[in-house]
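Tertiary structure, described
Spelled out from the first residue to the last, the chains are:
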Amino acid sequence: MTIISAIKSNYGKYLAKGAGAVALGIVAYDSHTLGKMNSDAYAKTQDAKACLNSYNNTMFLTDPSITMSKTKNFLFNWQIQDNVRHFVNSAIGYFKGFGSMLVNSVVPLGLGIGALVSKNNKVAGGFGIGLAAYGIVKFFKDACGFGHSNDLKRNF
């Protein structure tokens, strides 16, 4: 019975910590998803740039040499079939997307961390209230569309 009485006396703290954990989970999920999308796009863009540069290199010779032409074509074919560049650029793109989403979600990230790690009941409750207020504003502004101007539908 002491566990139940401890929860009853500190329910605000546990609600705030739960809200903080949920906020961190949402931020982590969004960051991971954007990281995956950015990973693929960045890797393909860098592969296309490298292939274009390599192909442009095969188009011109400083001297009319068959050996140099075959060497350039060999390097071009090797560069097209290279998988290491795609793997490295995929990792770079993932971390760029993940980091950019963490920066975009810095307010819920900070409030969630504050609610989760604070030991004082009032401080955790304050972070939880701030997180709830941010969530309500974000819901009405972004999900419902209140407060956004519609540039396509202007009354001149």
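So, here is what we can say about the structure in this document. Please read these numbers as outputs of a predicted model, since none were measured by experiment.

Conventions adopted
- Residues numbered from 1 in each chain as written.
- Predicted model: local features only at pLDDT ≥ 70, side-chain atom pairs only at ≥ 80, totals over all residues.
- Heavy atoms only, no water.
- Helix = DSSP H or I, 4+ residues; strand = E, 2+ residues; numbered from the N terminus.
- Buried < 20%, exposed > 50% of the residue type's maximum accessible area, 1.4 Å probe, protein only.
- Axes fitted to C-alpha atoms, helices over the stretch in contact; angles between N-to-C directions.
- Parallel < 35°, antiparallel > 145°, perpendicular 65-115°, else oblique.
- Contact = heavy atoms within 4.5 Å.
- Nonpolar A, V, L, I, M, F, W, Y, C, P; charged D, E, K, R; others polar.

1. Re the environment of Ala 19
When you line up the elements, Ala 19 lands in helix H2 (residues 11-59). Placed 121 residues apart in sequence, Ala 19 and Phe 140 show a C-alpha to C-alpha distance of 18 Å.

2. A closer look at the environment of Ala 91
Along the chain, the position of Ala 91 falls in helix H4 (residues 84-104). Overall, the relative accessible area of 33% leaves Ala 91 in the partly exposed class. Ala 91 sits 22 residues away from Ile 113 along the chain, and the two C-alpha atoms are 26 Å apart.

3. Observations regarding the packing of H2 against helix H3 (residues 66-80)
Running from N to C, H2 and H3 cross one another at 170°; their axes reach a closest spacing of 9 Å. On the basis of the axis angle, H2 is roughly antiparallel to H3. Residues Ala 50, Cys 51, Ser 54, Tyr 55, Asn 57 and Thr 58 of H2 pack against Lys 72, Asn 73, Leu 75, Phe 76, Gln 79 and Ile 80 of H3. Looking at the contact of H2 with H3 residue by residue, the classes come out as 6 nonpolar, 5 polar and 1 charged.

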